[in-house]
Each structure stands twice: as structure tokens, then as C-alpha cells.
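Per-entry structural report
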Amino acid sequence: MNDMRAFSLTEKTAIVTGALGLIGRNHCAALAEAGATVVIADVEGSPVQEFADELQAEHGMQALGVNLDVTNPDSLQAAKEQILSRFGTIDILVNNAAVNDMVENRSGGAEETSFENYPLDLWRRVMDVNVTGVFLCSQVFGAEMARQGGGSIINIASTYGIVAPDQSLYVRPDGSRLMYKSPVYPASKGAVIAFTRFLAAYWGVSGVRVNTLSPGGVENSQEAWFVENYARRTPLGRMAEPSDYKGALVFLASDASRYMTGANLVVDGGFTAW
Ligand SMILES: NC(=O)c1ccc[n+]([C@@H]2O[C@H](COP(=O)([O-])OP(=O)(O)OC[C@H]3O[C@@H](n4cnc5c(N)ncnc54)[C@H](O)[C@@H]3O)[C@@H](O)[C@H]2O)c1
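Predicted model, so just to flag it, every value in this text is computed and none were measured. (Residues numbered from 1 in each chain as written. Predicted model: local features only at pLDDT ≥ 70, side-chain atom pairs only at ≥ 80, totals over all residues. Heavy atoms only, no water.)

What follows covers the environment of K246. The topology assignment puts K246 in helix α8 (residues 246-253). For the pair formed by K246 and N96, sequence separation is 150 residues and the distance between their alpha carbons is 13 Å. Not counting residues within four places of it along the chain, the set of residues in contact with K246 comprises N26, A29, A30 and E33. At 2.9 Å, the side chain of K246 and the side chain of E33 are in polar contact. (Helix = DSSP H or I, 4+ residues; strand = E, 2+ residues; numbered from the N terminus. Contact = heavy atoms within 4.5 Å. Polar contact = N/O pair within 3.5 Å; in protein donor to acceptor, adjacent residues only side chain to side chain.)

Written out as C-alpha cells, the structure is:
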């Protein structure tokens, strides 16, 4: 038996939340390249079916676009029924949807983004998507896996769920500060890592494996000084490309990781090594 066949995802159905995002599209492509049927799940009104059609045309597998809100149990139930009536099974769930205060979308300087001024409503909104969303999707889709007797859940966390944000990364060469990284993003990602361990222990007996994938920062049209700060802070000397996580994702999704649950696979160019 060729053990590398364990990486194949043919005859498996995978759901990716936040599928239209920067890394989400690459998660979907990775699953498609490994042969999975892929459900492209993202917020109401987003062009999910368009991307599903693109993937299907490129890789020849089946794909379905589904609009849902990870914080809304009714929309998740409706999605589950739609997926089961179309494909009959749910084998892989990638809890990828999240709200992140990314450098490229933030400004405001030291004062506005400081911990002391961080707004409660934003804290609650980020916790709702990043933590409650992972809980709800696992409850709705994962319960189906437990009923079927197996599956793989991959919760996407971050290096900032493991180590504190390095606030010096957000300082320009002239000494002015673009922003502080928020308190809620690391808190939410730390919660995802802890929740992964809870669920792995809970569903081990049901054959549902639950692991975390913790990516490092992806280069995405940030200003050059930020990319340089980040690269200098990273042993491999660069920010990630969005495709750097494809191998790790397929590994966790497939039988290649069949004896692995409750783990946190860190793919960060060594960022958390020092
Ligand atoms: N980009 C990075 O540098 C980086 C680094 C480490 C970890 N991560 C993590 O990787 C994952 C993907 O990051 P990304 O950079 O691709 O993010 P992104 O912002 O590009 O995409 C996030 C996607 O989630 C969707 N989404 C948001 N709220 C939702 C909701 N309520 N219901 C359904 N979908 C919702 C958005 O529409 C969007 O398509 C996230 O969990 C993020 O925290 C990203």
C-alpha cells in the first residue's frame, strides 16, 4: 500500500467558512487539488457560487457555494440541510472565517488603537465571529460527523493565539506608530486553541479529529516597511504567501494525520520559535 494515498481527499466533502478571503481561497484550492468536494461558505451576498464554479472548472471536482453567517445557528442549519441533500455527507470542516485587524485595513495611530481605548462593541463582535462562530459551526456540522462516525475539523487560529503581538512591528521607520494590534484578536485565537483541545477530547470516541492550524502573517499589499519589520522578526526571513498553508491543511484534513487530534500545527516561518 502506498502510504501517500492517505493524503487523497477523493470522496470526502469539505466545508470552508470565510472561503472567499485571502487564505480561504487557498484552503479551498488545496482541498480541491486533493480531490475533495468543496463547499464554499461565506457571508450573505458574497459571490460564493462564482468561486465554486471556478474551482470546479479548474480541478474537475464538485463544488457548491453557500451563503451563511457563522454567528447565526439558523443559517448554519439551513446550510447543513442543503449540503447533506446535495452530497449526503460532511467529512471535513475548516473553521476559517474571522475578523482580523489587519495592517492593510487599519490606521488611527497609537491613541485610537490603544488597549485603553479599545471599544467594547468591537471586542464583542470579534469574539462573536472568531470564537462563537467556531463553536456554532462545530456544533452544527461537527455533530453530523460524530453521527456518521468520523471526520476532521480544522480550526484556524494564529501565531497571536500563542505569543503576544509584537507591537514594535507596527512602528514606521520614522518612529511613528501605525496602530497597536488589538487585544481581542489574540484573545479570540487563544480561545480557538483551547476549544480545539476541548472538542478533540470530547469527540475522540466518535472518531472526529479536531486540530488547530496556526498561520503566521501573510504578505498582502502592506507597506514595505511593515513587510521588512515582519521579515526581520521571522527566522525564515519573509512573510507568508497565502498558498504556504495548503500542505498543512491537506495533511490535517486527510488520513495522513489519522493519529493526530487536539494538536496545534504551527506554520509561521519560525515566528513563534524566538
Ligand atoms: N491573513 C493573515 O495574515 C492571517 C494570519 C494568521 C491567521 N489568519 C487567520 O486565517 C483565517 C483567514 O484569514 P484571511 O486573511 O484569509 O481573512 P480575510 O479577512 O481575507 O477573510 C475572512 C473571510 O471571512 C468571512 N467572514 C467574516 N465574518 C463572517 C461570518 N460572520 N460568517 C461567514 N463568513 C464570515 C469574510 O467575508 C471573509 O471572506 C482567519 O481565521 C485569520 O484569523 C490570517
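Among the 5 residues that make up strand β1 (residues 13-17), 5 are buried, leaving the element largely enclosed by the rest of the structure. Pairing analysis gives 5 bridges linking β1 to strand β2 (residues 37-42), with the strands arranged parallel. Opposite T17, over in β2, you have A41 as the bridge partner. Between β1 and its parallel partner β2, the chain crosses via helix α1 (residues 22-33), and the hand of that crossover is right-handed. Where β1 and strand β4 (residues 92-95) come together, 3 bridges link them in parallel fashion. Across the sheet, residue A14 finds its bridge partner in β4, namely I92. (Buried < 20%, exposed > 50% of the residue type's maximum accessible area, 1.4 Å probe, protein only. Pairing = 2+ DSSP bridges. Right-handed = clockwise from strand over helix to strand, strands pointing away.)

Axis separation between α1 and α8 bottoms out at 9 Å; the angle between their running directions is 55°. When the axes of α1 and α8 are compared, the pair comes out oblique. Classified by chirality, the crossing of α8 by α1 is right-handed. Residue-level contacts link N26, H27, A29, A30, L31 and E33 of α1 to K246, L249, V250 and A253 of α8. Of the residues assigned to the contact of α1 with α8, the class counts are 6 nonpolar, 2 polar and 2 charged. (Axes fitted to C-alpha atoms, helices over the stretch in contact; angles between N-to-C directions. Parallel < 35°, antiparallel > 145°, perpendicular 65-115°, else oblique. Left-handed = near helix turned anticlockwise from the far one by under 90°. Nonpolar A, V, L, I, M, F, W, Y, C, P; charged D, E, K, R; others polar.)

Take the side chain of N155 next. By secondary structure assignment, the location of N155 is in strand β5 (residues 151-156). For N155, a relative accessible area of 0% translates into the label buried. Within the structure, N155 has its side chain in polar contact with the side chain of T196 (distance 3.0 Å). Excluding anything up to four places from it in sequence, N155 contacts N95, V134, S138, V192, F195, T196, V210, N211, T212 and L213.

This brings us to the environment of T10. The residue T10 is located in the segment before β1 in this model. What makes T10 partly exposed here is its relative accessible area of 49%. For the pair formed by T10 and S254, sequence separation is 244 residues and the distance between their alpha carbons is 9.8 Å. Setting aside chain neighbours within four positions, we find T10 in contact with A34, G35 and A36.

Residue placement: Q56 occurs in helix α2 (residues 48-59). Taking the C-alpha atoms as reference points, Q56 and A32, separated by 24 residues in sequence, lie 8.1 Å from one another. Residues contacting Q56, with those up to four places away along its chain left out, are M61, Q62 and A63. Polar contacts involving the side chain of Q56 include one to the main-chain amide nitrogen of A63, which spans 2.9 Å.

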